[in-house]
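# Structural overview
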Amino acid sequence: MLQISGLHYRYRNATGTQLSVPEFSLAKGEHAVILGPSGCGKSTLLHLLAAILTMQQGELRVAGTDLRSLAPRAADAWRGRTIGFLPQRLALVPSLTVRENLLVAAYANGRTADVARADELLQALGLGDKARAKPHQLSQGQQQRTAIARALFNHPALLLADEPTANLDDDACAAATGLLTSQAAANGASLVIATHDARVLAALPGAKVLRLPRTATEAA
Amino acid sequence: MKRINALTLALKSLRHKPLSTAANLVLMAVGVAMMSFVLAASQQLEEKALRDARGIDLVVGAKGSPLQLILSSIYHIDIPTGNIPLAAEAQLRQNRLVKKVIPLALGDSFHGYRIAGTTPDYIAHYGGELDRGEMFKAPMQAVLGAQAAAGAGLTTGSRFVGSHGIAGGGDGHSDAPFTVVGVLKPTGSVLDRLVLTPVESVWQVHEVAHGIDPDDKEEKAAMDEERELTALLVQYASPLAAAMLPRAVNSQPELQAAQPAFESAKLFRLLGVGVDVLRGIAAIMLLSAALSMFVALYSALEERKTDLAILRTLGAAPRKLMALLLVEGLLLASAGAALGWIAGHAALEILGRLASDGQNLALTGLYVASSEAWLIPVALAIGLAAALLPALRAYRTDIATTLSH
């Protein structure tokens, strides 16, 4: 599902800071936690896995695709087919209903809107009665569940979550991680969570762990 | 909503900000309304003026202002410059440069509709056809234009008396009543607003008024010499006439020749200044609409950056985001333009109805000027121009930065 070897990413604007991951791999159905303090490049690594950013050195295979060989234009389509992304900022479209926020994933990916798929996901995430609500009418937890449903809409092989438990209390944290693992499993996706929150690790006992050092290493 | 595409997304985004959307729609609509109003009204007036003057190469009348002569004897919106001797008609008819001469004897009106003493040639010249009744054959018979008949409430068999001048309400000629023998179909020309009668009727009305007995042979002979017309509408037989006839007519002490084409052009040059000013104001309105739309789209982009970035994580290419914003600009501009076009023409129709009673300009909102076609590309260009920069910014959005901050 995921193979990293000798990955180097140099930030464009920072003074030579770079992110390095020597070796990491994940089999299909396995989950992973990228652990490290804020500012260590967790988000950057997720962006690299999603082909939003491109590394300068190393090898990176995601779901059978060598990301080095992916042209920028092809990367967008590949991302839509392969990756489910749950950003730290949920970024629901305020002018659309909950259901439409899911269907927008089909539009972005150039598919026809599958209303049955949207309703099935909303049902599974306990949002069945919120399909016509606008994002601002939802609680924080409901908004996150909507974002999860949207990330899963295009049947991704890999679900990436960036700090999904930030600002959540213990109960909500356990609920969120539980939901992510169960939904990833139900949709046949591998789950990678980037977090500085040790509680996530406790909630995902079977997950592989990738620890990033405190700060991105200075380039030699 | 089951369909999600650029159009529906743009529509929802616009509806999400009703105040900003409404303000932009109004700005755009006001600009387009002014523009379409000015274009449709000026072209309509010009076309009407041309239609009324078509086929009339020269107007011969009494000395005075040539523009007044044209206004009074072609458009019937001014008082005549005076009268000319009846002999002038025969003299012109003999000229081989002249193809057609139509006499006009003016002076009275009924309910504000001018009574024009003329020959059936005049009606034929404007392509008038009888809707009911028959053509006048004898003095004191009248054929009414469609608008005059409806406005004065007359039909075949009605009797009426004219009054002095064209304003209506002047002294009546109660002892010389007209009988309506026919009503014309609408022609869209000046004919619609006239009461037409043989030239002799006009003479007779005024002879009766002045106490002359037409049965008295001596008095009648004396009258014939003094009989007058108001104007002669002349059609040239050859292009040569344009060079020779006006000079020949003007050299005679009592006569003046005015060329409708020349005088109308002079009039429209004068009106054109006003039209240009209004067009300029409309253009400034459209420009400010474009600016306001640009500001709205550009500032909304700041809040929508994460929404747009998330579309990228869901597989949308940058050009899809660009299209989304362009569609939004185009939608806003064309909706505003459509509203404005309807408003402009509604205003024209209202003005036309208010003015049609008293004034002699019948404007309608149903008329579409050919120059209004320009409003479509102009509106689209405004929408594109307003959305272009925001769209380019959306295209260049750095998703990694946007999503992690």
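Residues numbered from 1 in each chain as written. Chains lettered and ligands numbered in written order. Predicted model: local features only at pLDDT ≥ 70, side-chain atom pairs only at ≥ 80, totals over all residues.

Moving on: the overall build of chain B. From N to C terminus, chain B includes 13 helices and 13 strands. What you see for chain B is a C-alpha radius of gyration of 31 Å, clearly larger than the 22 Å of a compact globule of 405 residues, by over 25%. Dimensions of chain B, computed from the C-alpha atoms along their principal axes, are close to 110 × 45 × 30 Å. Residues counted as buried form 42% of the 405 residues belonging to chain B. (Helix = DSSP H or I, 4+ residues; strand = E, 2+ residues; numbered from the N terminus. Rg over C-alpha atoms; globule rule 2.2 N^0.38 Å. Buried ≥ 20, exposed ≤ 12 C-beta atoms within 10 Å, placed from the backbone.)

All right, on to the overall build of chain A then. The helix and strand tally for chain A stands at seven helices and nine strands. In terms of C-alpha radius of gyration, chain A reaches 17 Å, essentially the compact-globule figure of 17 Å for 220 residues. Overall, chain A is about 55 × 40 × 30 Å in size when its C-alpha atoms are taken along their principal axes. Each of the 220 residues in chain A was classed as buried or not, and the buried ones make up 48%. The contacts of chain A with a sequence gap of at least 6 include a subset with a gap of at least 24, amounting to 73%. (Contact = placed C-beta atoms within 7 Å.)

Moving on, we come to the packing of helix α3 (residues 98-108) of chain A against helix α5 (residues 140-152) of chain A. Describing two packed helices takes the angle between their axes plus the distance from one axis to the other. All names here are of chain A. Put simply, α3 and α5 touch, their axes get as near as 8 Å, and they point 30° apart. Comparing the axis directions of α3 and α5 gives the class roughly parallel. In this structure, α3 meets α5 at a crossing whose hand is right-handed. Contacts between α3 and α5 involve Val 98, Asn 101, Leu 102 and Ala 105 from the former and Thr 146, Ala 149 and Arg 150 from the latter. (Axes fitted to C-alpha atoms, helices over the stretch in contact; angles between N-to-C directions. Parallel < 35°, antiparallel > 145°, perpendicular 65-115°, else oblique. Left-handed = near helix turned anticlockwise from the far one by under 90°.)

What follows is about helix α9 (residues 240-250) of chain B. Residues and elements named next belong to chain B. Taken as a whole, α9 has its buried residues at Ala 241, Leu 245, Pro 246 and Val 249. Taken around the axis of α9, the buried residues stretch over an arc of 100°, which confines them to a single face. For α9, the exposed residues lying more than 90 degrees away from the buried face are Leu 240, Ala 243 and Arg 247. Packed against the buried residues of α9 are β1 (58-62), β3 (98-110), β12 (231-236) and β13 (255-258). (Arc of directions from axis to C-beta.)

Residues and elements named next belong to chain A. Taken N-terminus to C-terminus, the directions of α3 and helix α4 (residues 115-124) make an angle of 125°; their axes are 9 Å apart at the nearest point. As summarised for this structure, α3 and α4 are arranged oblique, according to the angle between their axes. Here α3 and α4 pass one another in a crossing that is right-handed. Across the interface between the two elements, Val 98, Arg 99, Leu 102 and Leu 103 of α3 pack against Ala 118, Leu 121 and Leu 122 of α4. Each residue belonging to the contact of α3 with α4 can be placed in one class, and the counts come to six nonpolar, no polar and one charged. (Nonpolar A, V, L, I, M, F, W, Y, C, P; charged D, E, K, R; others polar.)

All names here are of chain A. The buried count for strand β8 (residues 190-195) comes to six of six residues, which makes it a mostly enclosed element. Pairing of strand β3 (residues 31-35) with β8 involves five bridges; the strand directions are parallel. For Ile 34, the partnering residue across the bridge sits in β8 and is Ala 194. Where strand β7 (residues 158-162) meets β8, five bridges bridge the pair, whose relative direction is parallel. The residue bridging Leu 158 from the neighbouring strand is Ser 190, located in β8. The parallel pair β7 and β8 is bridged by helix α6 (residues 170-186), and the resulting crossover is right-handed. (Pairing = 2+ DSSP bridges. Right-handed = clockwise from strand over helix to strand, strands pointing away.)

Unlike most non-glycine residues, A:Ala91 shows phi in positive territory, near 55°. By secondary structure assignment, the location of A:Ala91 is in the loop between β6 (83-86) and α3. Of the residues examined, A:Ala91 has 25 C-beta atoms within 10 Å and is grouped as buried. Here B:His111, not a glycine, exhibits a phi torsion of approximately 55°, which is positive.

Often, the extent of an interface is quoted as the loss of accessible area upon association of its parts. The assigned domain composition of chain B is domain 1 (6-49 + 267-404) and domain 2 (58-258). The gap between the C-alpha centroids of domain 1 of chain B and domain 2 of chain B is 50 Å. (Domains from an automatic or database assignment.)

All names here are of chain B. Secondary-structure assignment places Gly 128 in the loop between α5 (120-125) and β5 (130-133). It is 27 Å that separates the C-alpha atoms of Gly 128 and Thr 81, two residues lying 47 residues apart in sequence. Once residues within four sequence positions are removed from consideration, Gly 128 is found in contact with Ile 123, Leu 184, Thr 187 and Leu 191.

Below, the discussion takes up the pairing of β12(B). All names here are of chain B. Examined bridge by bridge, β1 and β12 share four bridges and lie antiparallel to one another. Across the sheet, Gly 61 pairs through a bridge with Ala 231, a residue of β12. Pairing between β3 and β12: six bridges, direction antiparallel. Bridge pairing in β12 links Ile 102 to Leu 233.

Facing 24 residues of chain B, the contacting portion of chain A comprises 31 residues. Looking at the side of chain B that touches chain A, the elements with two or more residues in it are α1 (6-16), α10 (260-313) and α13 (399-404) of chain B. Ranked by the residues each element gives to the side of chain B that touches chain A, the list is headed by α10(B), at seven residues. Within the side of chain B that touches chain A, the residues separate by chemical class into eleven nonpolar, seven polar and six charged.

Below, the discussion takes up the sheet that holds strand β5 (residues 65-66) of chain A. Residue and element names in this part refer to chain A. With antiparallel pairing, four strands are arranged side by side in an open sheet as β2-β1-β4-β5. Each of the sheet's edge strands pairs with one partner strand only, and the pair in question is β2 (18-26) and β5. In this structure, strand β1 (residues 2-10) lies alongside β2, joined through eight bridges in antiparallel fashion. Looking at the pairing, Leu 7 lines up with Val 21 of β2. Most of the contacts of helix α1 (residues 42-49) go to β2, to which it runs at about 60°, and overall it touches β1, β2 and β4 (57-62).

Our focus in this paragraph is the environment of B:Met293. All names here are of chain B. Looking at where Met 293 falls in the secondary structure, it is placed in helix α10. With 239 residues separating them along the chain, Met 293 and Arg 54 place their C-alpha atoms 46 Å apart. Excluding its chain neighbours within four sequence positions, the residues that come into contact with Met 293 are Asn 24, Gly 329, Leu 332, Ala 333 and Ala 386.

Next up on the list: the sheet that holds strand β9 (residues 208-211) of chain A. Residue and element names in this part refer to chain A. Overall, parallel pairing links the five strands, which are arranged β6-β7-β8-β3-β9 in an open sheet. Of all strands in the sheet, those bounded by a partner on one side alone are β6 and β9. Between one strand and the next, the sheet's axes are offset by a mean angle of 15°, whatever the strand orientation. For β6 and β7, the ladder comprises four bridges, and the chain directions are parallel. Bridged to Ile 83 within β7 is Leu 158. Strands β3, β7 and β8 of the sheet are contacted by α1, whose axis makes an angle of about 150° with β8.

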